Amino acid sequence: MGNTVGIVGGGAAGMMAAIAAARGGAKVTLLEGNDRLGKKILSTGNGKCNLGNEKLGPEDYHTGRPDMLAGFLGRFGTADTEAFFREIGLMLKSRNGYLYPACEQAAAVLDALRYEVRDAGVEVVTDFKAEGIRQGRRKRQFEVRGKNGAYTFDRVVLACGGRAAPKTGSDGSGYRLAEGLGHSLVPTVPALVQLKCREECLKAVAGVRAEAALSVHWQGKCVARERGELQLTEYGISGIPVFQFSRVVNYILAGSRHRGEDKDVFQQRERGREVEVVIDFLPDYTEADFAALRADRRLLQGQRTVEEFFTGMLHKKLMLLFIRLAGLKATESVAEADEGKLARVYEMCRHWSVHVVGSNPYDSAQVCAGGVPLDEVTEELESRLVPGVYFAGELLDVDGRCGGYNLQWAWCSGSIAGWGASRKKGNQ
């Protein structure tokens, strides 16, 4: 008879770990704090579930041990994810390398996983919130305790998520379980999240979307660059390019070490800290192209007003804001307008700075950065401090870019941890 394996957490990583452990011959019990499995999966990819990415590598993730991460992804990569889901009956499709269920419904991904959990013979216990783990009466056994009882297993896989989207069950309790076992934690911050800025004028352009190149500046250095569709909100900036560097900004704001392009940034917490983001709304123009554009448009001067003169360059709300910020009136004649102020409008089209002072909370974040360091687990994702305990998913200090990378980590780490737990006998 194989091991008894307890999986704590029934999200993406937990279900994958349960399936892998059961396929490895273990008797598996899946403990979930919610009333049903996989609640968080339903909200991924705007309900379409971007479950992987064909263009994936270790460079798409943040972690303290990229060498270990490369090894994990080499053992269970995108091709393995595709094979697994097709094996359990889910049809997939690729859109520019982004993998989705063919029906574009996250519910289909969850259903396929639930059916496989059932068919693998996994016992599912819902409404069980793990509050502690301790050594059982027998050597190398573990007791998982909750308010409504306790379960004893030969091996335990902790896959209870980080702090992102706490309403789905990822409330940080997994970190407390890890710390109770003696593990340390890389400080956590919200990642893949909207950022808040101090500029009140953003209210005037709320709702505007625009292709842009963005650069993040801190203490005179550019620490991150991204390009994509920027979304302006009444409180700040959003959109995929903002999500991609939000972890870097949040670590700076929190006064903790971050892993961005500048790996040495580390400062003590300060009040009033802010990070500058410079936005280029014309990223396809070289400096020479932009100079030619300005010269050509000057020929349009005629009897136009300032507003009419700048019509068509950017979204109307943006141009009216830049005209106002430059100290011009939209209705004044461009022929009589101050040349320096006109130049300022052009400058803001290429280099408009906003100042980030915070982010939306974990409730709005797609993922949580930080967690249990990879240094504290083996190549099987087994704890180096407490053999017999395994980790999977967001609980570990691994977070990826937006685009299916974080779910790929869930499938990868869940498979490795579940399979590893099933192979160790309970009397070892």
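Fair warning: this is a prediction, and the values are worked out from it, not measured in the lab.

Cut-offs and rules
- Per chain, residue numbering runs from 1 following the sequence as it is written.
- Only residues with pLDDT of at least 70 get local features here, since the model is predicted, and only at 80 or more are side-chain atom pairs given and counted; chain-wide, interface and lining totals rely on the full set of residues.
- Each side-chain value is worked out from all heavy atoms of the structure, with water and hydrogens disregarded.
- Only DSSP runs of H or I covering at least 4 residues are called helices, and only runs of E covering at least 2 are called strands; the numbering of each starts at the N terminus.
- A simple rule labels every residue: compare its accessible area, found with a 1.4 Å probe on the protein chains alone, to the largest value its type can have, and call it buried under 20%, exposed over 50%, or partly exposed in between.
- Contact between two residues is taken to exist if any of their heavy atoms lie within 4.5 Å; hydrogens are not considered.
- To be clear on the numbers: accessible area is Shrake-Rupley with a 1.4 Å probe, and residue cover counts the displayed protein chains and nothing else.
- Pairing between strands is defined by DSSP: at least two bridges between them are needed.
- Only the contacting stretch of a helix is used when fitting its axis, a line to C-alpha atoms as for every element, and angles between N-to-C directions run 0 to 180 degrees.
- Any carboxyl oxygen of Asp or Glu within 4 Å of a side-chain nitrogen of Lys or Arg constitutes a salt bridge here.
- Note on terminology: angles under 35 degrees are roughly parallel, angles over 145 are roughly antiparallel, angles of 65 to 115 are roughly perpendicular, and the others are oblique.
- Two helices cross in a left-handed way if the nearer one is turned anticlockwise from the farther one by less than a right angle. They cross in a right-handed way if the turn is clockwise.
- Polar here means any residue other than Ala, Val, Leu, Ile, Met, Phe, Trp, Tyr, Cys and Pro, which are nonpolar, and Asp, Glu, Lys and Arg, which are charged; Gly is therefore polar.
- Throughout, disulfides are identified as pairs of cysteine sulfur atoms within 2.5 Å of each other.
- Nonpolar cores were defined as sets of buried Ala, Val, Leu, Ile, Met, Phe, Trp, Tyr and Cys residues, with membership established by side-chain atoms within 4.5 Å.

*Asks:* Pulling in residues and values, what's your account of the overall build of the protein chain?
*Replies:* Tallying secondary structure elements over the protein chain gives 11 helices and 21 strands in all. Judged by the C-alpha coordinates and their principal axes, the protein chain covers about 90 × 45 × 35 Å. Within the protein chain, buried positions represent 56% of all 428 residues. Considering only intrachain contacts with a sequence separation of at least 6, the fraction spanning at least 24 residues in the protein chain is 70%. Accessible area of the protein chain: about 18,700 Å², with a carbon and sulfur share of 46%.

*Asks:* How would you explain the sheet that holds strand β15 (residues 221-232) if you had to name every residue and give the values?
*Replies:* Read around the closed barrel, 6 strands run β13-β16-β15-β14-β17-β18, paired in antiparallel fashion. This sheet shows a mean twist of 45° between the axes of neighbouring strands, independent of strand direction. With 5 bridges joining them, strand β14 (residues 209-218) and strand β17 (residues 275-280) adopt antiparallel strand pairing. Note that in β17 the partner of valine 216 across the bridge is valine 277. Relative to β15, helix α6 (residues 240-254) is tilted by about 140°, and along the sheet it contacts β13 (195-197), β14, β15, β16 (236-238), β17 and β18 (352-359). Taken strand by strand, helix α10 (residues 339-350) contacts β17 and β18, and its axis lies near 105° from that of β17.

*Asks:* Explain unusual backbone geometry to me, using residue names and the numbers behind them.
*Replies:* Even without a glycine there, the phi angle at cysteine 49 is positive, about 60°. Within the secondary structure, cysteine 49 is located in the loop between β2 (27-31) and β3 (52-53). Using a relative accessible area of 0% as the deciding quantity, one classes cysteine 49 as buried. Not every positive phi belongs to a glycine, and alanine 165 is a case in point at roughly 50°. Following the sequence through the fold, alanine 165 ends up in the loop between β11 (155-158) and α5 (173-180). The class of alanine 165 is buried, set by a relative accessible area of 15%.

*Asks:* I'd like a description of the pattern of salt bridges, backed by residues and values.
*Replies:* A full pass over the atoms with the stated rule returns 25 salt bridges. A salt bridge links aspartate 111 to arginine 114, with the shortest nitrogen-to-oxygen separation between them at 2.7 Å. Placement of the pair is aspartate 111 and arginine 114 together in helix α4 (residues 106-119), with a separation of 3 residues, close to one helical turn. Lysine 316 is the salt-bridge partner of glutamate 307, the closest N and O atoms lying 3.6 Å from each other.

*Asks:* Help me get a handle on the packing of helix α7 (residues 287-298) against α10, residues and values and all.
*Replies:* The interhelical angle for the contact between α7 and α10, taken along N-to-C directions, is 140°, at an axis separation of 12 Å. Of the possible angle classes, the one that applies to α7 and α10 is oblique. Crossing geometry of α7 relative to α10 is assigned as right-handed. Of the residues in α10, those touching α7 at Glu287, Phe290, Arg294, Arg297 and Arg298 are Glu339, Leu342, Ala343, Tyr346 and Arg350. For the contact of α7 with α10, the per-class residue count stands at 4 nonpolar, no polar and 6 charged.

*Asks:* Any chance you could break down the sheet that holds strand β1 (residues 4-8) for me, citing the residues and the numbers?
*Replies:* Spatially, 5 strands are ordered β7-β2-β1-β11-β20 in an open sheet, and the strand pairing comes out parallel. Among the strands making up the open sheet, the edge pair consists of β7 (123-125) and β20 (389-391). The average angle at which neighbouring strand axes cross in this sheet is 20°, direction not considered. Inspection of the sheet shows β1 paired to β2 by 5 bridges, in the parallel sense. Each bridged residue has a counterpart across the sheet, and for valine 8 the counterpart in β2 is leucine 31.

*Asks:* Outline the packing of helix α1 (residues 12-23) against helix α11 (residues 405-423), listing residues and values.
*Replies:* Interhelical geometry of α1 versus α11 gives an angle of 35° and a closest axis separation of 7 Å. The hand of the α1/α11 crossing is right-handed. Mapping the contact onto sequence places Ala12, Ala13, Met16, Ala17, Ala20, Ala21 and Arg23 in α1 and Leu407, Ala410, Trp411, Gly414, Ser415, Gly418, Trp419 and Ser422 in α11. Counted by class, the contact of α1 with α11 contains 10 nonpolar, 4 polar and 1 charged residues.

*Asks:* I'd like a description of the side chain of glutamate 82, backed by residues and values.
*Replies:* Following the sequence through the fold, glutamate 82 ends up in helix α3 (residues 78-87). Its relative accessible area of 16% is what places glutamate 82 among the buried residues. For glutamate 82, the contacting residues outside a window of four places in its chain are Glu54, Leu92 and Leu99.

*Asks:* Just give me the short version of the state of the cysteines, but keep the residues and values in it.
*Replies:* By the definition in use, this model includes 0 disulfides. Take cysteine 402: it sits in no disulfide, and the sulfur closest to it among the cysteines is that of cysteine 49, at 12 Å. Given the relative accessible area of 16%, cysteine 402 is considered buried. With no disulfide of its own, cysteine 412 has cysteine 49 as its nearest cysteine by sulfur position, at a separation of 16 Å. For cysteine 412, a relative accessible area of 0% translates into the label buried.

*Asks:* Kindly report on the nonpolar core, identifying the contributing residues and their values.
*Replies:* Looking at soluble globular proteins, one finds that nonpolar side chains tend to be buried together. Judged by nonpolar contacts, the single largest core of 81 residues is most densely connected at Leu51, Phe85, Leu113, Leu158 and Trp411. Discounting residues that sit within four places of it in the chain, tryptophan 411 has contacts with Ala12, Met16, Ile41, Leu51, Phe76, Thr81, Phe85 and Leu113. With 51 residues, the next largest nonpolar core counts Cys201, Val242, Leu253 and Phe310 among its residues.

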